[in-house]
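# Survey of secondary and tertiary structure
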Number of protein chains: 2
Amino acid sequence: MTTAKRDTYTPETLLSVAVQVFNERGYDGTSMEHLSRAAGISKSSIYHHVSGKEELLRRAVSRALDGLFEILDEEHARVGRAVERLEYVVRRMVEVLTSELPYVTLLLRVRGNTDTERWALERRRDFDHRVADLLKAAAADGDVRGDVEVRLATRLVFGMINSLVEWYRPDARGMGAREVADAVVVLVFGGLRQER
Amino acid sequence: MTTAKRDTYTPETLLSVAVQVFNERGYDGTSMEHLSRAAGISKSSIYHHVSGKEELLRRAVSRALDGLFEILDEEHARVGRAVERLEYVVRRMVEVLTSELPYVTLLLRVRGNTDTERWALERRRDFDHRVADLLKAAAADGDVRGDVEVRLATRLVFGMINSLVEWYRPDARGMGAREVADAVVVLVFGGLRQER
């Protein structure tokens, strides 16, 4: 059975199963035995693909981090007024969160007990700093309010965006990724209050 | 030793230790043995105060929930225009989160595996609905924008506020609870964009 099933497994499908188990049990609480049972293949078959659970964690959070960092290289994130670039980045962050939901969920739960976790936290901080720099530039242009400290504003905006992993589900009735992205952009930049 | 220490323990200090352990290890991952070691008293001394860890969980999340629900009974949350009442509630929520940080952190991590957890989730939902109703009333008054669906707006605003448990620390240099509350109110209602 194991041999027959192994052939249907690719590193990609194994990764997808691993991320699901990590999110359910926590990374620390997941053993190779749990992964083997969830994937329906033997541990030795898993070792055929990866060196162990830490490599699976690294691949999974890399997928989330790469998705986020690629945003910053896109043209609309590099060219134009800072506030417009910031708005583009916020919208694209929501798109990456919704399309890579389990991977970003795992990334946001990483706590820093292993080298891979510490590396992931470091890359998250880099990303946060890049967005904070954009916010600072927009404030310097006078396009973004200067009465909320940049680091605090960045944390609160990330708080709103990252909360998606707690409640957004792709199959939720009626609430699509597009609607969520529109709402986040409207609230982050315009706030709740109706302008008159 | 155990007897000597027991006398210095009150239900309040035991609760405070238990909440810390629950937040570190997760409620499911916490045994009476863990609580006994963290509190430095025997398990039987703990049973002198409470029936078990579920009672400690119930007391801890009750403290957070009571703090939140009491907001809704305060005069400024009951009297006046809906948008002003909503603003008051948002500010007070931040105040309760910062002052009862470990208790609210625990509440927000509850997942629903026991009766107490399901009861806590139910009360959280009640609170969310009460705030959503206020948002709906403010939109009906024309004071709050009508182009973001109420349930979605409520989730995003709660996402921003609740993110505090991830990064706010009372001893953080320079960033006080008051500054955070001001920033949340400004961003939730006015957004980032500088008005001209």
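Conventions adopted
- Residues numbered from 1 in each chain as written.
- Chains lettered and ligands numbered in written order.
- Predicted model: local features only at pLDDT ≥ 70, side-chain atom pairs only at ≥ 80, totals over all residues.
- Heavy atoms only, no water.
- Helix = DSSP H or I, 4+ residues; strand = E, 2+ residues; numbered from the N terminus.
- Buried < 20%, exposed > 50% of the residue type's maximum accessible area, 1.4 Å probe, protein only.
- Contact = heavy atoms within 4.5 Å.
- Areas by Shrake-Rupley, 256 points an atom, 1.4 Å probe, with all protein chains shown as cover.
- Lys, Arg positive; Asp, Glu negative; His and termini not counted.
- Charge placed at Lys NZ, Arg CZ, Asp CG, Glu CD.
- Buried area = accessible area lost by both parts, 1.4 Å probe.
- Salt bridge = Lys/Arg side-chain N within 4 Å of Asp/Glu carboxyl O.
- Polar contact = N/O pair within 3.5 Å; in protein donor to acceptor, adjacent residues only side chain to side chain.
- Nonpolar A, V, L, I, M, F, W, Y, C, P; charged D, E, K, R; others polar.
- Phe/Tyr/Trp six-rings, centres within 6.5 Å; stacked < 30°, edge-to-face > 60°.
- Least-squares fit on C-alpha atoms with pLDDT ≥ 70 in both.
- Axes fitted to C-alpha atoms, helices over the stretch in contact; angles between N-to-C directions.
- Parallel < 35°, antiparallel > 145°, perpendicular 65-115°, else oblique.
- Domains from an automatic or database assignment.

## Describing the overall build of chain A
When helices and strands are counted, chain A shows 12 helices and 0 strands. Going residue by residue from the N terminus, the α and β elements of chain A occur as α-α-α-α-α-α-α-α-α-α-α-α. Along the longest, intermediate and shortest principal axes, the C-alpha atoms of chain A span 65 × 40 × 30 Å. A total of 196 residues make up chain A; the buried ones form 52% of that total. In chain A, 67% of the contacts between residues at least 6 apart in sequence involve partners at least 24 apart. By element, 47% of the accessible surface of chain A is carried by carbon and sulfur atoms, the whole surface being about 9,500 Å². When the 30 positive and 31 negative side-chain charges of chain A are each reduced to one mean point, those points stand 4 Å apart.

## Side note on helix α3 (residues 32-39) of chain A
Residue and element names in this part refer to chain A. Along α3, the residues classified as buried are M32, H34, L35, S36 and A39. Packing partners of the buried residues in α3 comprise α2 (11-25), α4 (43-49) and α5 (53-73). Residue G40 follows α3 closely and has a positive phi angle near 70°.

## Some points on the interface of chain A and chain B
With 41 residues of chain A at the interface, the matching set in chain B holds 41 residues. Here chain A and chain B share an interface that buries about 3,700 Å² over both sides, 60% of which is from carbon and sulfur atoms. A salt bridge links R111 of chain A to E166 of chain B; the shortest N-O distance between them is 3.4 Å. Across the contact surface, chain A and chain B share 16 residue pairs in polar contact (both at pLDDT 80 or more). Considering each element in turn, the side of chain A that touches chain B owes the most residues, 9 residues, to helix α12 (residues 177-190) of chain A. Here the residues of the side of chain A that touches chain B sort into 21 nonpolar, 7 polar and 13 charged.

## Notes on the packing of aromatic side chains
We describe a pair of aromatic rings using the distance from one ring centre to the other and the angle between the two ring planes. Residue and element names in this part refer to chain B. Tallied over the entire structure, the rule returns 6 aromatic pairs over all chains. Ring centres of F22 and Y27 lie 5.1 Å apart, and the angle between their planes is 75°; on these two criteria the pair is classed as edge-to-face. Taken individually, F22 and Y27 each receive the classification buried, so the pair is uniform in this respect. With a centroid separation of 6.2 Å and an interplanar angle of 80°, the aromatic rings of F127 and F158 are classed as edge-to-face. Of this pair, F127 sits in helix α9 (residues 115-140) while F158 sits in helix α10 (residues 150-162), and the two are 31 residues apart along the sequence.

## Description of the relation of the copies chain A and chain B
Superposition of chain A onto chain B requires a rotation of 180° combined with a translation of 0.0 Å along the rotation axis, giving an RMSD of 0.0 Å. Classification of the inter-copy transformation places it as that of a two-fold axis. Interface overlap between copies is the fraction of interface residues in one copy that are interface residues in the other; for chain A against chain B it reaches 100%, indicating a shared surface.

## Quick look at the packing of helix α2 (residues 11-25) of chain B against helix α5 (residues 53-73) of chain B
Residue and element names in this part refer to chain B. Between α2 and α5, the shortest axis-to-axis distance is 10 Å and the interhelical angle comes to 95°. In this view, α2 runs roughly perpendicular relative to α5, as classed from their interaxial angle. Within the contact between the two elements, α2 uses P11, E12, L14, L15, A18, V19 and F22 and α5 uses K53, L56, L57, R59, A60 and R63. For the contact of α2 with α5, the per-class residue count stands at 9 nonpolar, no polar and 4 charged.

## Looking at the domain arrangement of chain A
All names here are of chain A. Partitioning chain A into domains gives domain 1 (2-50) and domain 2 (61-190). Taking the mean C-alpha position of each, domain 1 and domain 2 sit 29 Å from one another. Each partner contributes to the interface: domain 1 provides 8 residues, whereas domain 2 provides 9 residues. Regarding the contact of domain 1 and domain 2, the summed buried area is about 680 Å², with carbon and sulfur atoms giving 53% of it. Among the residues domain 1 hides against domain 2, the three largest losses belong to V19, N23 and Y27. Together they make up 61% of the total. On inspection of domain 1 and its partner domain 2, the count reaches 1 salt bridge. Of the charged contacts, one joins E12 and R63 as a salt bridge, the two residues approaching to 2.7 Å between their closest N and O atoms. Applying the counting rule to domain 1 against domain 2 returns 5 residue pairs in polar contact (both at pLDDT 80 or more). Taken together, the residues of the side of domain 1 that touches domain 2 sort by class into 4 nonpolar, 2 polar and 2 charged.

## Section: the environment of W119 of chain A
Residue and element names in this part refer to chain A. Topologically, W119 is positioned in helix α9 (residues 115-140). Assessed through its relative accessible area of 24%, W119 is described here as partly exposed. Sequence-wise, W119 and V61 are 58 residues apart; in three dimensions their C-alpha atoms are separated by 9.9 Å. Leave out the neighbours within four places in its chain, and W119 touches R58, V61, S62 and L65.

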